[in-house]
Amino acid sequence: MARNAEKAMTTLARWRAAQLGENDKHKRRRPPVASECKSLYACEKWRTQIIREIAKKVAQIQNAGLGEFRIRDLNDEINKLLREKRHWEDQIKELGGPDYQRTGPRMLDHEGKEVPGNRGYKYFGAAKELPGVRELFEQEPPPPPRKTRAEMMKDIDADYYGYMDDDDGILIPLEMVAEKASIQKAIVDWKEKKERQLTHDEDEEMPEEEHIYAVEDSDDDDVEKKKSEGEQKFIAHVPVPSQQEVEQALLRRRKQELLEKYGVQEQNQSL
């Protein structure tokens, strides 16, 4: 009996008993709705508890060997706890506590930009490598750089303008064959047209075709006469003054200049 009493009075036994008594006294279930809690101390305690649960589940989801279904369940549970934490932070702010959503850390990349998926539903650990999720985190390749005008001009040569299309010796024989075929077809069409005209207009006189290369015969004297007449003939579309009229106009202009010159001098002397 004495030995059992001694065991009960040891430091470890008394600390264990106090711990169990305190847990039984203060152990309560977290309220499902954050707005029901009106104590700032209690809200802080429940928020800390949720953070611990999130950290525990985030450590578990790092194991890719859990399987796709277990990883998806853990990721859903973490997102549910994050939403619940946000509700408790709103309640803490309403009760006069600190604003954790404003002062909390943000997920940024090496360039200082916010990481995709940081808002709304998030993926953690091995959940980022699940089928259909990996594509969300892959960045699109940058567009190819645009070429400058000088770089594009480097690729322009005679082949670009089609100057070297006949060098292969394939196009010219094909063009010759096509040209001969078109000439033969034109001759056949012309002969058929002539035959149809002869058969339908046997009684009517056919007008002679005009010879486009015919040159009219003319005497050399007539040609020279027409040429000489053409050289002497002038057509004036405006009245042209004669030589005498030009001389009179120049004389009047000279007189006017002299009058203006000496008339000004006499007026200055009189003053």
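Residues numbered from 1 in each chain as written. Predicted model: local features only at pLDDT ≥ 70, side-chain atom pairs only at ≥ 80, totals over all residues. Heavy atoms only, no water.

## Some details on the packing of helix H3 (residues 40-61) against helix H4 (residues 68-94)
Turning to step 1, where the next piece is worked out: For the pair H3 and H4, interaxial distance at closest approach is 9 Å and the crossing angle is 160 degrees. With respect to H4, the axis of H3 lies roughly antiparallel. Judged by the twist between their axes, the crossing of H3 over H4 is left-handed. (Axes fitted to C-alpha atoms, helices over the stretch in contact; angles between N-to-C directions. Helix = DSSP H or I, 4+ residues; strand = E, 2+ residues; numbered from the N terminus. Parallel < 35°, antiparallel > 145°, perpendicular 65-115°, else oblique. Left-handed = near helix turned anticlockwise from the far one by under 90°.)

## Structural notes on the side chain of Arg47
Turning to step 1, where the next piece is worked out: Within the secondary structure, Arg47 sits in helix H3.
Turning to step 2, where the next piece is worked out: With relative accessibility at 13%, the residue Arg47 sits in the buried group.
Turning to step 3, where the next piece is worked out: In contact with Arg47, not counting residues within four places along its chain, are Lys85, Trp88, Glu89, Ile92 and Tyr100. (Buried < 20%, exposed > 50% of the residue type's maximum accessible area, 1.4 Å probe, protein only. Contact = heavy atoms within 4.5 Å.)

## Side note on the confidence of the model for the protein chain
Turning to step 1, where the next piece is worked out: For the protein chain, mean pLDDT is 76; residues scoring 70 or higher make up 70% of the total.
Turning to step 2, where the next piece is worked out: Across residues 108-112 the pLDDT falls below 50, and counting only partners more than four positions away or on other chains, this stretch makes four contacts in the model. (pLDDT = per-residue confidence, 0-100.)

## Structural notes on a nonpolar patch on the surface
Turning to step 1, where the next piece is worked out: A grouping of Tyr160, Tyr161, Tyr163 and Met164 is seen on the molecular surface, where their side chains present a nonpolar patch of about 550 Å² in accessible area.
Turning to step 2, where the next piece is worked out: By the secondary structure assignment, Tyr163 is in the loop between helix H7 (149-154) and helix H8 (171-200). (Patch = residues over 30% accessible without salt bridge, like charges linked within 9 Å, V, L, I, M, F, W, Y side chains within 5 Å. Areas by Shrake-Rupley, 256 points an atom, 1.4 Å probe, with all protein chains shown as cover. Salt bridge = Lys/Arg side-chain N within 4 Å of Asp/Glu carboxyl O.)

## Some remarks on the packing of aromatic side chains
Turning to step 1, where the next piece is worked out: Summed over the entire model, instances satisfying the criterion amount to two aromatic pairs.
Turning to step 2, where the next piece is worked out: With centroids separated by 5.1 Å and ring planes inclined at 70 degrees, the aromatic side chains of Tyr121 and Tyr123 adopt a geometry described as edge-to-face.
Turning to step 3, where the next piece is worked out: Owing to a relative accessible area of 34%, Tyr121 belongs among the partly exposed residues under this scheme.
Turning to step 4, where the next piece is worked out: Arranged with centres 5.2 Å apart and planes meeting at 85 degrees, the rings of Tyr160 and Tyr161 form a pair that is edge-to-face.
Turning to step 5, where the next piece is worked out: For Tyr160, a relative accessible area of 56% translates into the label exposed.
Turning to step 6, where the next piece is worked out: Stacked on the ring of Trp46, the Lys or Arg Lys45 has its end atom at 4.5 Å from the ring centre. (Phe/Tyr/Trp six-rings, centres within 6.5 Å; stacked < 30°, edge-to-face > 60°. Lys NZ or Arg CZ within 6 Å of the ring centre and 35° of its normal.)

## Some details on the nonpolar core
Turning to step 1, where the next piece is worked out: Core analysis: the largest hydrophobic core is formed by 20 residues, its most contacted members being Ile54, Ile61, Ile71, Ile78 and Trp88.
Turning to step 2, where the next piece is worked out: With residues up to four places along the chain from it excluded, the contact list for Ile54 reads Ile78, Leu81, Leu82 and Lys85. (Core = buried A, V, L, I, M, F, W, Y, C linked by side-chain atoms within 4.5 Å.)

## Some remarks on the pattern of salt bridges
Oppositely charged side chains can form a pair if their charged atoms are brought close together.
Turning to step 1, where the next piece is worked out: All told, the structure shown has 10 salt bridges when counted by the stated rule.
Turning to step 2, where the next piece is worked out: Ionic pairing is found between Glu68 and Arg72, a salt bridge with its closest N-O pair at 3.1 Å. Of this pair, Glu68 and Arg72 are both found in helix H4, four residues apart, which corresponds to roughly one turn of the helix.
Turning to step 3, where the next piece is worked out: Between Lys85 and Glu89 there is a salt bridge whose closest N-O contact spans 2.9 Å. Of this pair, Lys85 and Glu89 both sit in helix H4, separated by four residues, roughly a single helical turn. Across the pair, exposure class does not vary: Lys85 and Glu89 are buried alike.
Turning to step 4, where the next piece is worked out: Bridged by salt links that share partners, the residues Arg30, Glu53 and Glu84 form one connected network.

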